[in-house]
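Given next are the chains, with one letter for each unit.
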Amino acid sequence: MNQFPPLPEEYTTKMQSWLGNEFTAFLNSYSTTARKGLRVNLLKIQTHTLKQELHFLEEPVPWCKEGYYISRSAKAGNHPYHQAGLYYLQEPSAMAVVSALDPRPGEWILDLCAAPGGKSTQIAARLGGQGLLWSNEPSATRLKVLAENIERLGVGNCIISNELPAKLAQKLPQVFDKIVVDAPCSGEGMFRKNPSLRAQWTWRGVEFCAERQKEILSAAVTMLKPGGTLVYSTCTFNPVENEGVIDWLLTHFPELSLISHPDPLPVFDGGHPEWLLLNNRELEKCTRLWPHKLEGEGHFIALLRKTETGISSKIQRANVNITNSALKTWQAFAKDFLDSCPEGFYFERNQHLFWLPLQPPDFNGLKILRPGLLLGAFKKNRFEPAHSAALAWPLIKTINNVEFGPDDQQLFQYFAGHPLPASGNKGWLTITVNGFPVGWGKDDGHLIKNHYPKGLR
Ligand SMILES: C[S@@+](CC[C@H](N)C(=O)[O-])C[C@H]1O[C@@H](n2cnc3c(N)ncnc32)[C@H](O)[C@@H]1O
């Protein structure tokens with residue numbers, strides 16, 4: 001017997017009126033199972049190499065060059081390559097948003113509603129370590145998993161903040177080349193994959209989401225550089241939160257115009273202004289992904305460009321620095337245990353050492369969880385490396401490592417928090433699976449003390 005909550009009646013009635021002849025095919029998609037996807041982390045491995053190594057990868061996701069479907073039985077979250085940050089498990093349709101935005105190395109990109117980090121980690125991979133990713137998430141509880149994912153995937157050029165968009169906009173006007181607003185929404189497009197969402201749906205909820213989406217977008221427009229690109233996405237079918245919100249945005253911000261999807265596929269659908277009796281045919285440039293037309297859940301994507309003014313405002317940079325004694329402590333650690341570490345800005349904050357490839361924009365007064373890559377902490381006169389520094393391979397490479405294969409029982413002992421036999425090399429080293437670091441160990445000559453984070457064991 002089907003244990004799932006039924007689809008809300010008001011929802012199906014509306015969908016029927018909007019979809020017309022297509023409604024039966026749409027409804028039938030609820031009797032099929034959602035496909036799962038995996039996105040290769042290009043910061044650490046190439047798609048063809050991972051494809052050769054993992055038997056559960058199936059066909060490529062047509063709209064994402066680093067995306068694959070995975071077999072239904074795959075336990076991809078338990079594979080050591082997941083812990084090593086070689087991939088991110090992501091719903092296939094969700095991969096289309098960043099593909100449409102097309103991040104390029106060197107750009108400054110803001111992900112305004114970022115947790116748990118699917119879009120952020122995809123942007124980071126496309127940036128290839130060059131430029132800046134700013135990932136913001138106002139929910140303090142969701143922030144932790146965002147940081148864990150960014151760190152697991154080894155992203156070095158990222159600032160993570162915990163602010164409401166309006167507060168961020170006061171501090172960061174016209175700073176970003178590209179912005180993603182993957183907005184909180186009524187989630188209708190996930191009713192198949194996550195049926196518990198059905199019970200939470202109300203029409204009032206849809207209207208509430210639409211108002212919040214307008215607020216978030218208004219802040220995003222402030223932070224976008226002239227000539228910059230904004231992508232707005234939701235995982236709902238509801239036109240009130242999609243074409244309706246974009247119509248409002250275009251009316252209130254005449255400096256924005258809709259642009260067509262750069263790489264449209266025949267399985268994509270356009271926007272439907274007629275569903276809300278809107279006169280603006282431009283809204284047909286939006287993109288809709290439907291579960292009865294492709295292998296993925298429901299998504300809406302709108303790409304917008306801000307008019308180029310030719311006037312660029314000067315970005316205020318943060319005053320980041322490090323004391324001489326902290327620098328010496330870090331350099332001593334790096335000399336003893338690191339094979340290579342990158343050029344860039346090393347700076348100290350509350351006894352912690354961070355790194356960024358460039359001088360960041362001024363974040364003074366904002367709630368910042370990570371002002372860059374967390375390298376470790378200063379404890380008296382010594383330096384203790386952070387898990388994120390081990391996972392930042394190949395940006396950071398250690399001199400010594402202890403190597404395991406993906407099926408090695410000792411590796412699973414390590415993940416469970418147990419010490420490992422001594423390696424013959426004293427001091428800090430990384431534990432690796434086929435060359436990819438999964439965390440730190442410290443060898444005292446008798447055994448390797450386990451430094452895998454307690455929260456991940
Ligand atoms: C659809 S989820 C984002 C998913 C994420 N982009 C990804 O790909 O993994 C929307 C996020 O927006 C956050 N959010 C809620 N209210 C917000 C607001 N007022 N401004 C910005 N983000 C908000 C939610 O906490 C949630 O994490």
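Residues numbered from 1 in each chain as written. Predicted model: local features only at pLDDT ≥ 70, side-chain atom pairs only at ≥ 80, totals over all residues. Heavy atoms only, no water.

An unreviewed UniProt entry lists the protein chain under the name NOL1/NOP2/sun family putative RNA methylase, from Carboxydocella sporoproducens DSM 16521. The record in UniProt for the protein chain states the following under Sequence similarities (unreviewed entry): "Belongs to the class I-like SAM-binding methyltransferase superfamily. RsmB/NOP family." (UniProt positions renumbered as here; feature names shortened; annotations may be inferred.)

Colleague: Give me unusual backbone geometry: which residues, what numbers.
Modeller: A cis amide bond, omega 5°, links Ala-115 with the succeeding residue Pro-116. Inspection of the secondary structure puts Pro-116 in the loop between strand S5 (108-111) and helix H6 (118-127). With an omega of 5°, the peptide bond running from Trp-393 to Pro-394 counts as cis. Within the chain, Leu-277 stands out as a residue other than glycine whose phi angle is a positive 55°. Not every positive phi belongs to a glycine, and Gln-351 is a case in point at roughly 70°. Within the secondary structure, Gln-351 sits in the loop between strand S15 (345-349) and strand S16 (352-356). On the basis of relative accessibility, which here comes to 49%, the residue Gln-351 falls in the partly exposed class. (Helix = DSSP H or I, 4+ residues; strand = E, 2+ residues; numbered from the N terminus. Buried < 20%, exposed > 50% of the residue type's maximum accessible area, 1.4 Å probe, protein only.)

Colleague: Just give me the short version of the site of the ligand, but keep the residues and values in it.
Modeller: Close contacts around the ligand come from 19 residues, with Gly-118, Lys-119, Glu-137, Arg-142 and Asp-182 the closest. Within the contact set of the ligand, a nitrogen atom lies 3.0 Å away from a backbone nitrogen or oxygen of Cys-113. Backbone polar atom of Gly-117 to an oxygen atom of the ligand: 3.1 Å apart, as the coordinates give it. Protein coverage of the free-state accessible area of the ligand, which is 600 Å², stands at 85%. A per-class count over the shell around the ligand returns 11 nonpolar, three polar and five charged. (Near = heavy atom within 4 Å. Polar contact = N/O pair within 3.5 Å; in protein donor to acceptor, adjacent residues only side chain to side chain. Areas by Shrake-Rupley, 256 points an atom, 1.4 Å probe, with all protein chains shown as cover. Nonpolar A, V, L, I, M, F, W, Y, C, P; charged D, E, K, R; others polar.)

Colleague: Residues and numbers for the UniProt feature "active site" (unreviewed entry) in the protein chain, please.
Modeller: Mapped onto this structure's residue numbering, the UniProt feature "active site" (unreviewed entry) falls at Cys-235. In this fold, Cys-235 is placed in the loop between strand S9 (224-234) and helix H10 (243-252). Every residue in contact with Cys-235, bar those within four places of it in the chain, is listed here: Cys-185, Gly-187, Glu-188, Gly-189, Met-190, Gly-298 and His-299. (Contact = heavy atoms within 4.5 Å.)

Colleague: Before we move on, could you go through the nonpolar core and cite the residues and values that matter?
Modeller: Counting residues in each nonpolar core, the largest one holds 49 residues, and the members touching the most others are Trp-134, Val-181, Met-223 and Ile-246. The element best represented in this core is helix H9 (residues 203-223), accounting for seven residues. With sequence-adjacent residues up to four places away left out, Ile-246 is seen in contact with Tyr-232, Leu-258, Leu-283, Phe-300, Ala-302 and Leu-304. With 34 residues, the next largest nonpolar core counts Leu-43, Tyr-69, Ile-150 and Leu-294 among its residues. (Core = buried A, V, L, I, M, F, W, Y, C linked by side-chain atoms within 4.5 Å.)

Colleague: Give me the lowdown on the sheet that holds strand S24 (residues 436-443), citing residues and values where you can.
Modeller: In space, the five strands of this open sheet follow the order S21-S23-S24-S25-S22, with mixed pairing throughout. The strands lining the two open edges of the sheet, one partner per strand, are strand S21 (401-404) and strand S22 (420-421). (Pairing = 2+ DSSP bridges.)

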